[in-house]
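So you can see what is in the structure, the chains are spelled out below.
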Amino acid sequence: MKQCLAPLVESRPLGPGLLLHTYHDSDIAAHAKPGQFINVRVSGATAPLLRRPFSLCDADPAAGRFSVLFRVVGEGTEALARAGAGDRIDLMGPLGTAFQWEGVERALLVAGGVGVAPLHFLASQIWRAKQAERPAPRVVFAYGARDSGGLALADDIEKRVDLLAITTEDGSRGQRGLVTAALDPHLAPDTAVFCCGPTPMMAAVLRRMRERGLKRGWFSLENQMGCGVGVCLGCVVPTRDGYRRVCCDGPVLPAAILDFTALCS
């Protein structure tokens, strides 16, 4: 982990209120893993006091670049959205735990909304392993959003996976309904599930896993964080195995210890 002023290489709109920011820092790009995040301090006279966490969406060690996807929803993200190419952004990373896909034969990636970011990175890493002729799982990617405008990076993902199953709540692209409607055909006993999105969605995916007897899975939690390094205890969540700090014990946690009951109440 390092703190630095990383230059913003590109700010690219991907849909209504959705932006992909690409930064340059060779150390962060070299050490970043799918599931990890960066913690960003937004500068300016009225900037928020606390840093904002953003899941890594991809990393290219050869180019020394990494990217994050975010939705503009408040003061912090609005300030970050105003940054332009060449601006230097105060950030820390990579932080947190990563997805564990080595040794998996069948991978089901389940994303909801901007929760697609770490799973896009995971799909890209697995695809690169296949290009290098290294052992890698077959990948099915289930991607849900409210409408087609919320499906950031879907076309890019489709090129890197064996199957992309899209659902939208309004039926504007793919199957109409929630992303959980697309899961059943792909929940074979040897499947490992990787998931990120709104908490109710992840709770539903975990229920479906347990109903089908699947035990291997990793979920990336999307909690608000303060320090990002486990000191402030502002992101603590209950699990079957005691309390966990999302920023450093997570954000990726194994399915076996998760209990979304309290988080969804």
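Everything numeric in this text was worked out from a predicted model, so none of it was measured. (Residues numbered from 1 in each chain as written. Predicted model: local features only at pLDDT ≥ 70, side-chain atom pairs only at ≥ 80, totals over all residues. Heavy atoms only, no water.)

1. Considering unusual backbone geometry
Phase 1: In this structure, the amide linkage connecting G93 to the following residue, P94, adopts the cis form with an omega of -10 degrees.
Phase 2: By the secondary structure assignment, P94 is in strand β6 (residues 88-95).
Phase 3: Cis geometry is adopted by the peptide bond preceding P251, which originates at G250 and carries an omega value of 10 degrees.
Phase 4: One can find P251 in the loop between β14 (242-245) and β15 (252-254).
Phase 5: Residues other than glycine seldom take positive phi values, yet E133 does so here, at roughly 60 degrees.
Phase 6: Residue position: E133 is located in the loop between α3 (116-131) and β8 (138-145).
Phase 7: Phi is positive for L153, close to 70 degrees, though the residue is something other than glycine.
Phase 8: Assignment of secondary structure puts L153 in the loop between β8 and α4 (154-158). (Helix = DSSP H or I, 4+ residues; strand = E, 2+ residues; numbered from the N terminus.)

2. Notes on the sheet that holds strand β7 (residues 106-112)
Phase 1: One open sheet holds the seven strands; their spatial order is β10-β9-β8-β7-β11-β12-β15, and the pairing between them is mixed. This sheet does not close on itself; its edge strands, each paired only once, are β10 (175-176) and β15.
Phase 2: Relative to strand β11 (residues 191-196), β7 is paired through six bridges, and the arrangement is parallel. Of the residues in β11, the one forming a bridge with V110 is C195.
Phase 3: Lying on the sheet, α3 is in contact with β7, β8, β11 and β12 (217-220); it crosses β8 at an angle near 160 degrees.
Phase 4: Of the strands in this sheet, β7, β11 and β12 touch helix α5 (residues 199-211), which is tilted by about 170 degrees from β11. (Pairing = 2+ DSSP bridges. Contact = heavy atoms within 4.5 Å. Axes fitted to C-alpha atoms, helices over the stretch in contact; angles between N-to-C directions.)

Limitation: the analysis is restricted to geometry and does not speak to function.
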